[in-house]
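# Analysis of the macromolecular model
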Amino acid sequence: MNIYINCMKGIIYKELIRFVKQKSRFFSALVRPLLWLFIFSVGFKTALGLAIIPPYETYITYETYIVPGLVGMVLLFNGMQSSLTMIFDREMGSMKILLSSYINRNYLLFCKMFATAIVSTIQAVTFLLVAKVYGVDISYLAILSTIPIIMISSIILNAFALFISSVIKQLENFATVMNFVIFPMFFLSSALYPLWKIKDSSLVLFNISSYNPFTYIVESIRFSLYLKVDINSLIIVVISLFIALIMAFVGFKSKKINHS
């Protein structure tokens, strides 16, 4: 048991050290959502009127609406970036050694996802604090209550990213594949626009967005930020967690390794 605990501590420590040393990684993860919050939302504010929809109890500004989606953006891009580091680690880094050890491979992968989720949570919470300073109506208690759903959501996206990295054989193909994954997941969701607005514009896009798990990740974060729970979104998030973990485990199980 101590071996497994020490293994998890080691992977988390390694990920945190990498995070601390790569300060550009921290700031680059915040630049994208902050650009949407500070610049793009100003242009969309007058063009998009938002009615009173749950969990909001009054009319809201566009900046307030997109904050949960931008938190999801932080988690999504960080999850995909972590899968890139996983490719390096799998081929020539520490994970290559760990994956060839007698420690359960699924446990190692979960430790990697959990460690990345901690880093993603730090980045997401930092963004929420900046958004609060900017003027978005979010309480500190709400930010704390959102941490568990942020952690779970990050693990889902990390697992999905790890599954993709397990089937990518050449590093140069990684960026191309990610572009076909990240942007559809983000834009075909309720991150930037309410589903009812998408439905008014295109029924096809509405149906696609309704089946996008990222939509329910965003909605779970949205409700949690106002100390509420959307049961339907939460159920889908939990189901997505199990499916994503299975995909990641099966993806890496299919790769043969040589045990020393």
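For the structure itself, consult the block above.
Quick summary incoming for the structure in this document. Every value quoted in this text rests on a predicted model; they were computed, and no experiment measured them.

### A closer look at the pattern of salt bridges
Any two side chains of opposite charge can pair, so long as their charged atoms come close to each other. Under the definition given, this model contains two salt bridges. The partner of Lys112 in a salt bridge is Glu15, and the shortest N-O contact between them spans 3.1 Å. Linking Lys112 in helix α5 (residues 105-134) with Glu15 in helix α1 (residues 2-21), this pair joins segments that are 97 residues apart in sequence. Pair check on accessibility: Lys112 and Glu15 agree, each one buried.

### Things to note about the packing of aromatic side chains
Taken as a whole, this structure holds six aromatic pairs when the rule is applied. Seen from their ring centres, Phe38 and Tyr134 are 4.7 Å apart, and the 50° between their planes marks the pair as tilted. Of this pair, Phe38 sits in helix α2 (residues 23-45) while Tyr134 sits in helix α5, placing them 96 residues apart in sequence. With a relative accessible area of 36%, Tyr134 lands in the partly exposed category. Each ring, one from Phe77 and one from Phe183, has its centre 6.2 Å from the other, and the planes form 75°; the classification is edge-to-face. Here Phe77, found in helix α3 (residues 62-92), pairs with Phe183, found in helix α7 (residues 174-187); they are 106 residues apart in sequence, far enough to count as distant. On the basis of relative accessibility, which here comes to 38%, the residue Phe183 falls in the partly exposed class. One Lys or Arg, Lys199, reaches over the ring of Phe206 and ends 5.2 Å from the middle of that ring.

### What to know about helix α10 (residues 213-224)
Relative to the 16 Å expected for twelve residues at 1.5 Å per residue, α10 spans 17 Å between its end C-alpha atoms, a close match to the ideal helical length. Most of α10 sits out of view: eleven of its twelve residues are buried. Residues of α10 that are buried: Phe214, Thr215, Tyr216, Ile217, Val218, Glu219, Ser220, Ile221, Arg222, Phe223 and Ser224. N-cap assignment for α10: the residue whose side-chain oxygen lies 3.0 Å from the backbone N of Phe214 is Asn212.

### Observations concerning the packing of α1 against α5
Packing of α1 against α5 leaves a shortest axis separation of 9 Å and a crossing angle of 40°. By the criterion of interaxial angle, the relationship of α1 to α5 is oblique. The hand of the α1/α5 crossing is right-handed. Here α1 contributes Tyr4, Ile5, Cys7, Met8, Ile11, Ile12, Glu15, Leu16, Arg18 and Phe19 to the contact with α5, which in turn contributes Tyr107, Leu108, Phe110, Cys111, Lys112, Phe114, Ala115, Thr116, Ile118, Val119, Ile122 and Gln123. For the contact of α1 with α5, the residue count by class is 17 nonpolar, two polar and three charged.

Calculation rules
All residue numbers refer to position in the chain's written sequence, counted from 1. Residue-level local features of this predicted model are given only where pLDDT is at least 70; pairs of side-chain atoms are given and counted only at 80 or more, and the full residue set underlies all totals for whole chains, interfaces and linings. Hydrogens and water molecules were not included; the side-chain quantities draw on all heavy atoms of the structure. We define a salt bridge as a side-chain nitrogen of Lys or Arg found within 4 Å of a carboxyl oxygen belonging to Asp or Glu. The helix count covers DSSP runs of H or I at least four residues long, the strand count covers runs of E at least two residues long, and both are numbered beginning at the N terminus. The buried label applies to any residue whose accessible area, calculated with a 1.4 Å probe on protein chains only, is under 20% of its type's maximum; exposed applies above 50%, and partly exposed to all values in between. Pairing of aromatic side chains requires ring centres within 6.5 Å, counting the rings of Phe and Tyr and the six-membered ring of Trp. Pairs whose planes differ by under 30 degrees are stacked, by over 60 edge-to-face, and all others tilted. Put simply, a charge is over a ring when the Lys NZ or the Arg CZ is close to the ring centre, within 6 Å, and near the line of the ring normal, within 35 degrees. The span one expects for a helix is its residue count, reduced by one, times 1.5 Å. We call two N or O atoms a polar contact when they sit within 3.5 Å, provided that within protein one can donate a hydrogen and the other can accept it, with sequence-adjacent residues counted only if both atoms are side-chain atoms. Helix axes are fitted to C-alpha atoms over the stretch in contact, other axes to C-alpha atoms as well, and angles between N-to-C directions run from 0 to 180 degrees. Put simply, angles under 35 degrees are roughly parallel, angles over 145 are roughly antiparallel, angles from 65 to 115 are roughly perpendicular, and the rest are oblique. In this scheme, a crossing is called left-handed if the near helix is turned counterclockwise away from the far one by less than a right angle; it is called right-handed if the turn is clockwise. It only takes one pair of heavy atoms within 4.5 Å for two residues to be counted as in contact. All residues other than Ala, Val, Leu, Ile, Met, Phe, Trp, Tyr, Cys, Pro, Asp, Glu, Lys and Arg, Gly among them, are scored as polar; the first ten of these are nonpolar and the last four charged.

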